[in-house]
Amino acid sequence: MIEFREKVCCSDVSVKVGRGALRELESLPGRKCIVHPKSLKPDVKGDLEIAVEDGEKGKDLRNALEIVDKLLEHDFTRGDYLVAVGGGTVLDVAGFSASIFMRGLNLVNVPTTLLGMVDAGIGGKTGVNYGKAKNMIGTFYQPSLILDDLSFLDTLPTEELRRGLAEVVKYALVLDKELYDFLSLNHSSVLNKEESALEKVISSSVRDKLAVVAEDERETKGVRIVLNFGHTIGHAIEAGSDFTVPHGLAISVGMVCEAKIAEEMGYAEEGVVEDVLWLLQLFGLPISLEQLNAKIDVEKALIAMTKDKKRRGEEVLLPFPTRIGNWRGVRVPLETLEGFAKQCLGGN
Ligand SMILES: NC(=O)c1ccc[n+]([C@@H]2O[C@H](COP(=O)([O-])OP(=O)(O)OC[C@H]3O[C@@H](n4cnc5c(N)ncnc54)[C@H](O)[C@@H]3O)[C@@H](O)[C@H]2O)c1
Ligand SMILES: O=C(O)C(=O)C[C@@H](O)[C@H](O)[C@H](O)COP(=O)(O)O
Ligand SMILES: [Zn+2]
């Protein structure tokens, strides 16, 4: 079992990565409410079990309040635990419920997708979609424990694995050249789910993300924005497709667009865009809008983009790759960004 511990502001966060990590739940004190997707009933005993709809449709305020209602009905207290088991969508909505129930009860994240293990389960961003844009209502709320049990990945389809790899590629491109080199040399082992390759990918991602979050938990210091590389355009694509394009695929195309913007504005070194394209393609990830096979309403996408949480007034603070494993934050006028976004999304 690989273990990480990090102090994030006022919370101690502990992460365990390995087959069988789920067993750690047995030693938790207090009562446990297990929130899980309807389609995946984990082999865990809880005092209360709540089956929820997963996917983007499940990231809805009503679903979050239903979880709160059930906690109240079953007399849960702040000393008890909400154990969120599922992909990123379940972790986001259940984490949000945990954060608002009596201003917060103990939260344990048990991601069941690669994307959840490398990203959504870590860092404390919770939330639901609202007003036709991503994660418009949410909180920062740290789980005390994150259990990345590799046995969940046995049943995960390759398509879902790829979507998680998009976030891994993100860390490699802007934070971790060593991970970039590992991914380049070991792509088949990763796609074939070889255990040691998965462990390496997950533990590097957890380490990279936790370090950023520990420095700037609330995204107020211009540091955490790096984790949003590819997401300004990515979230716009999701919204413009009425959330039919999965997050991992949308940010894959988003990273290509944003790397191109960085190059055109003179921030990315020559060759960076090619490196981005190369690594994404190695994992069979989309690099253009056409590959998403979805109808994108450009107007809707652009409106959603104006709701980007990195916007301050008429500027958006974008994390740009400069060379592999490096980045910088750049204030881009909203109008300039809209111009580039239209080019990427195929609007006029
Ligand atoms: N909070 C954060 O920091 C953060 C970070 C990254 C992404 N996200 C969010 O995460 C969401 C995407 O997460 P996701 O890609 O996990 O999507 P998801 O939760 O929709 O899961 C993807 C699919 O995998 C299925 N599934 C889950 N576990 C499985 C398993 N073990 N075996 C087989 N099938 C399984 C689910 O039923 C679903 O159909 C997006 O809403 C995104 O915005 C949040
Ligand atoms: O943890 C972060 O910070 C991230 O930006 C990680 C992203 O991969 C993730 O998709 C996150 O939910 C995006 O958050 P938002 O603030 O852009 O809604
Ligand atoms: Zn993401």
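Bear in mind that the values here come from a model prediction, so they are computed numbers and not experimental data.

For the protein, the count of helices and strands is 11 helices and 12 strands. Taken over the C-alpha trace, the protein has a radius of gyration of 19 Å; the compact-globule value for 348 residues is 20 Å, and the two agree within 12%. When the 348 residues of the protein are sorted by exposure, 57% land in the buried category. Of the contacts made within the protein by residues no fewer than 6 positions apart, 70% connect residues no fewer than 24 positions apart. When the accessible surface of the protein is summed, it comes to about 14,500 Å², and 48% of that surface belongs to carbon and sulfur atoms.

So, on to unusual backbone geometry. Within the chain, cysteine 9 stands out as a residue other than glycine whose phi angle is a positive 50°. Relative to the elements of secondary structure, cysteine 9 occurs in the loop between strand E1 (2-8) and strand E2 (11-17). With a relative accessible area of 48%, cysteine 9 lands in the partly exposed category. Residue aspartate 75 is not a glycine yet carries a positive backbone phi of 60°. The topology assignment puts aspartate 75 in the loop between helix H1 (61-73) and strand E5 (81-86). Take aspartate 75: its relative accessible area is 58%, and that puts it in the exposed class.

Neighbouring residues of ligand 2: 14 residues in total, closest Asp119, Lys125, Lys209, Arg224 and Lys309. Lysine 125 places a side-chain nitrogen or oxygen 2.8 Å from an oxygen atom of ligand 2. Here ligand 2 has 430 Å² of accessible area as a free molecule, and 91% of this is covered by the chains. Here the shell around ligand 2 is built from residues that sort into one nonpolar, five polar and eight charged. When we break the shell around ligand 2 down by domain, the ones giving at least three residues each are domain 1 (1-151) and domain 2 (156-343).

Time to look at the site of ligand 1. Around ligand 1, 25 residues are found, and the nearest of them are Asp54, Glu56, Thr89, Thr112 and Thr113. Glutamate 56 has a polar side-chain atom sitting 2.7 Å from an oxygen atom of ligand 1. Here an oxygen atom of ligand 1 and a side-chain polar atom of threonine 89 are 2.6 Å apart. Protein burial of ligand 1: of its 880 Å² of free accessible surface, 85% is covered by the chains. Secondary structure elements with two or more residues in the shell around ligand 1: helix H2 (88-100), helix H3 (114-120) and helix H4 (158-174). In terms of residue class, the shell around ligand 1 is built from six nonpolar, nine polar and 10 charged.

Let us look at the coordination of the zinc ion (ligand 3). Taken together, the protein ligands of the zinc ion (ligand 3) are Glu167 (OE), His231 (NE2) and His247 (NE2), with distances of 2.0 to 2.1 Å. The motif formed by the donor residues of the zinc ion (ligand 3), counted along the single chain, is E-x63-H-x15-H. Pair noted here: histidine 231 is in helix H7 (residues 231-240) and histidine 247 is in helix H8 (residues 247-264), with a separation of 16 residues, a long-range link. On the accessibility criterion, histidine 231 (4% relative accessible area) is buried. A residue is classified by how much of its surface remains accessible, and histidine 247, at 17% relative accessible area, is buried.

Moving on, we get to the UniProt feature "domain: 3-dehydroquinate synthase N-terminal" (unreviewed entry) in the protein. Mapped onto this numbering, the UniProt entry gives "domain: 3-dehydroquinate synthase N-terminal" (unreviewed entry) at residues 50-162. Helix makes up 34% of residues 50-162 and strand 29%, with an end-to-end C-alpha separation of 28 Å.

Below, the discussion takes up the sheet that holds E1. Judged by pairing direction, the sheet is mixed, and its seven strands sit side by side in the order E1-E2-E9-E6-E5-E3-E4 without closing on themselves. Two strands lie at the open edges of the sheet, namely E1 and strand E4 (48-52), each paired on one side alone. Along the sheet, successive strands turn relative to each other by an average axial angle of 15°, direction set aside. With seven bridges connecting them, E1 and E2 associate as antiparallel partners. Along E2, the bridge assignment pairs phenylalanine 4 with valine 15. Contacting strand E3 (32-37), E4 and E5, H1 runs over the sheet at an angle of about 165° to E4. Its contacts with the sheet place helix H6 (residues 195-215) against E1, E2 and strand E9 (145-148), and it is angled at close to 10° to E1.

Where two cysteines share a covalent bond between their sulfur atoms, that bond is called a disulfide. Counted according to the given criterion, the structure contains one disulfide. Each disulfide pairs two cysteine sulfurs, and for cysteine 9 the partner residue is cysteine 10, the sulfurs being separated by 2.5 Å.

About the thresholds
Residues numbered from 1 in each chain as written. Chains lettered and ligands numbered in written order. Predicted model: local features only at pLDDT ≥ 70, side-chain atom pairs only at ≥ 80, totals over all residues. Heavy atoms only, no water. Helix = DSSP H or I, 4+ residues; strand = E, 2+ residues; numbered from the N terminus. Rg over C-alpha atoms; globule rule 2.2 N^0.38 Å. Buried < 20%, exposed > 50% of the residue type's maximum accessible area, 1.4 Å probe, protein only. Contact = heavy atoms within 4.5 Å. Areas by Shrake-Rupley, 256 points an atom, 1.4 Å probe, with all protein chains shown as cover. Near = heavy atom within 4 Å. Polar contact = N/O pair within 3.5 Å; in protein donor to acceptor, adjacent residues only side chain to side chain. Nonpolar A, V, L, I, M, F, W, Y, C, P; charged D, E, K, R; others polar. Domains from an automatic or database assignment. Donors = N, O, S within 2.8 Å, 3.2 Å for Na, K, Ca; no water. UniProt positions renumbered as here; feature names shortened; annotations may be inferred. Pairing = 2+ DSSP bridges. Axes fitted to C-alpha atoms, helices over the stretch in contact; angles between N-to-C directions. Disulfide = S-S within 2.5 Å.

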